[in-house]
Amino acid sequence: MTDTLISSATKEVIIGFDRPFVIIGERINPTGRKLLAEEMKNGDYSRVESDALAQVAAGAHMLDVNAGIPLADEPRILAETVKLVQSLTDVPLSIDSSIVAALESGLSVYQGKALVNSVTGEEDRLETVLPLVKKHGAAVVAISNDESGISEDPNVRFEVAKKIVERAQDYGISPADVVVDPLVMPVGALNDAGRQVMALVRRLREELKVNTTCGASNFSFGLPNRHGMNAAFLSMAIGAGMTSAITNPLHEPEMAAVKGANVVMGHDPNCVNWIKTFREPAAEGSDEARRAGRRRRRNA
């Protein structure tokens, strides 16, 4: 079975077929967050710091770090953000940019084995990003689109993913270090989006034997009760074989769905993590509390 190892200087996270689902926290991203973008542009990383700590406290196994701010010095900001986040927490990072110089800058200061987010099937991206991934000994997210754009045909997206995996091997990058994003479409716009992505995840696992990830909230875009829809999507995607997702760990319905799916899939032996998360402490004066008190006194 395929394992993708990502690490910080002191901690490893393994994305794998027979392992608990990996949550990659999405919030360190200025896209659509005007205040965060302005702060990062001006060198104020206080919100980055609070977002990093809050996501880890909520259960994120990794953090995605993005500094895509128009007209800003993205290579400098991304490197500064990576260094700051690594000084605050030991979880591994996904270094996220569409600009190769920014990826290079972030990777140059990163301690550990990063996940590069991302490479597409476009020739210029393959020829510039894959050598960078190899140079820094990183893993990479492979986005299933190319020069023709994002196809609504899942078979086309599979072929793009296959092309990226094969080209990565040409650069000496193992398929285990390629995590494919099959591209989750909004189900409110494309009614068959759910069935398509589930079938595609199964093919990626069974035929290419690669791990998978996605931007989970894309599925619910434009719909009411997005958290409920995202939770349903995540639990079913895990059942289909998806092994990680970039999402917001501060949203409790999604996190409960992931924890429950881990139990269903046998990735939480004896329901230890589920119980740890959801069992309420015995109330003072309850029968259980009194029994616990008597046990302590007997053993004193």
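Only a predicted model underlies this, so the values are computations on that prediction, with no experimental measurement involved. (Residues numbered from 1 in each chain as written. Predicted model: local features only at pLDDT ≥ 70, side-chain atom pairs only at ≥ 80, totals over all residues. Heavy atoms only, no water.)

Student: What am I meant to see in the packing of helix α5 (residues 123–135) against helix α6 (residues 154–170) here?
Tutor: Think of two packed helices as two axes; the pair is described by the angle between the axes and how far apart they sit. Where α5 contacts α6, the two axes come as close as 11 Å, and the packing angle between them is 35 degrees. Seen from above, α5 lies across α6 with right-handed handedness. Contacts from E123, L126, E127 and L130 in α5 reach K163, I164, R167 and A168 in α6. Partitioned by chemical class, the residues of the contact of α5 with α6 number four nonpolar, no polar and four charged. (Axes fitted to C-alpha atoms, helices over the stretch in contact; angles between N-to-C directions. Helix = DSSP H or I, 4+ residues; strand = E, 2+ residues; numbered from the N terminus. Left-handed = near helix turned anticlockwise from the far one by under 90°. Contact = heavy atoms within 4.5 Å. Nonpolar A, V, L, I, M, F, W, Y, C, P; charged D, E, K, R; others polar.)

Student: Is there a simple way to think about helix α4 (residues 100–109) in this case?
Tutor: The α-helix winds at 3.6 residues per turn, so residues separated by three or four positions along the chain end up facing the same way. Taken together, the buried positions of α4 are A102, L103, S105, G106 and L107. Buried residues belonging to α4 abut α3 (74–88), β5 (93–96), β6 (115–119) and α5. (Buried < 20%, exposed > 50% of the residue type's maximum accessible area, 1.4 Å probe, protein only.)

Student: Mind showing me how you'd approach the pattern of salt bridges here?
Tutor: Opposite charge on two side chains makes pairing possible when the charged atoms of those side chains draw close. As enumerated under the stated definition, the model contains twelve salt bridges in all. The salt bridge involving K135 is made with E104; its shortest N-O contact spans 3.5 Å. Of this pair, K135 sits in helix α5 while E104 sits in helix α4, and the two are 31 residues apart along the sequence. Assessed through its relative accessible area of 59%, K135 is described here as exposed. On the accessibility criterion, E104 (26% relative accessible area) is partly exposed. With a closest N to O distance of 2.7 Å, D177 and K113 form a salt bridge. Here K113 lies in the loop between α4 and β6 and D177 lies in the loop between α6 and β8 (178–181), a separation of 64 residues in the sequence. One exposure class covers both D177 and K113, and it is buried. (Salt bridge = Lys/Arg side-chain N within 4 Å of Asp/Glu carboxyl O.)

Student: What is the right way to read the packing of aromatic side chains from this model?
Tutor: Given two aromatic rings, one states the distance between the centres and the angle between the planes to describe the pair. Enumeration according to the criterion identifies two aromatic pairs in this entry. Taken together, a centroid distance of 4.7 Å and an interplanar angle of 20 degrees make the contact between F219 and F233 stacked. Within this pair, whereas F219 is found in the loop between β9 (211–212) and α8 (226–240), its partner F233 is found in helix α8, the two being separated by 14 residues in sequence. Taken together, a centroid distance of 4.4 Å and an interplanar angle of 45 degrees make the contact between W274 and F278 tilted. Note that W274 and F278 are positioned in helix α10 (residues 272–278) at a spacing of four residues, about one turn of the helix. A residue is classified by how much of its surface remains accessible, and W274, at 32% relative accessible area, is partly exposed. Against the face of F158 rests R203, its NZ or CZ located 3.7 Å from the ring centre. (Phe/Tyr/Trp six-rings, centres within 6.5 Å; stacked < 30°, edge-to-face > 60°. Lys NZ or Arg CZ within 6 Å of the ring centre and 35° of its normal.)

Student: When you look at the pairing of strand β10 (residues 244–247) in this model, what are you seeing that I'm missing?
Tutor: It is a general feature of regular strands that their side chains alternate between the two faces of the sheet. Burial along β10 is two-sided: S244 and I246 facing one way and A245 and T247 facing the other are all buried. Of the strand pairs in this sheet, strand β3 (residues 22–28) and β10 are connected by four bridges, and their pairing is parallel. Bridge pairing in β10 links G25 to T247. (Pairing = 2+ DSSP bridges.)

Student: Please clarify how the sheet that holds β10 should be interpreted in this entry.
Tutor: Within a sheet, adjacent strands bond to each other through the backbone by hydrogen bonds, running parallel or antiparallel. Strand order across the open sheet formed by eight strands is β9-β8-β7-β6-β5-β4-β3-β10, with parallel pairing between neighbours. Strands at the two margins of the open sheet, each flanked by one partner only, are β9 and β10.

Student: What am I meant to see in a nonpolar patch on the surface here?
Tutor: A grouping of W274, I275 and F278 is seen on the molecular surface, where their side chains present a nonpolar patch of about 250 Å² in accessible area. On the basis of relative accessible area, F278 is assigned to the partly exposed category, the value being 38%. (Patch = residues over 30% accessible without salt bridge, like charges linked within 9 Å, V, L, I, M, F, W, Y side chains within 5 Å. Areas by Shrake-Rupley, 256 points an atom, 1.4 Å probe, with all protein chains shown as cover.)

Student: Any chance you could explain the pairing of β8 here in plain terms?
Tutor: Residues V178 and V180 of β8 are buried on one face, and the alternating residues V179 and D181, pointing to the opposite face, are buried as well. In terms of strand pairing, strand β7 (residues 139–143) meets β8 through four bridges, oriented parallel. Bridging across to β8, A142 finds its partner in V180. In this view, the connection linking β7 to its parallel neighbour β8 by way of α6 has right-handed handedness. Remark: the β8/helix α7 (residues 193–208)/β9 crossover connection has right-handed handedness. (Right-handed = clockwise from strand over helix to strand, strands pointing away.)

Student: Which parts of the structure should I look at to understand the environment of V180?
Tutor: Within the secondary structure, V180 sits in strand β8. Under the relative-accessibility criterion, V180 is labelled buried at 0%. The spatial distance from the C-alpha of V180 to the C-alpha of V258 is 19 Å, given a sequence separation of 78 residues. Not counting residues within four places of it along the chain, the set of residues in contact with V180 comprises A142, S144, A161, V165, L204, V210, N211, T212 and T213.

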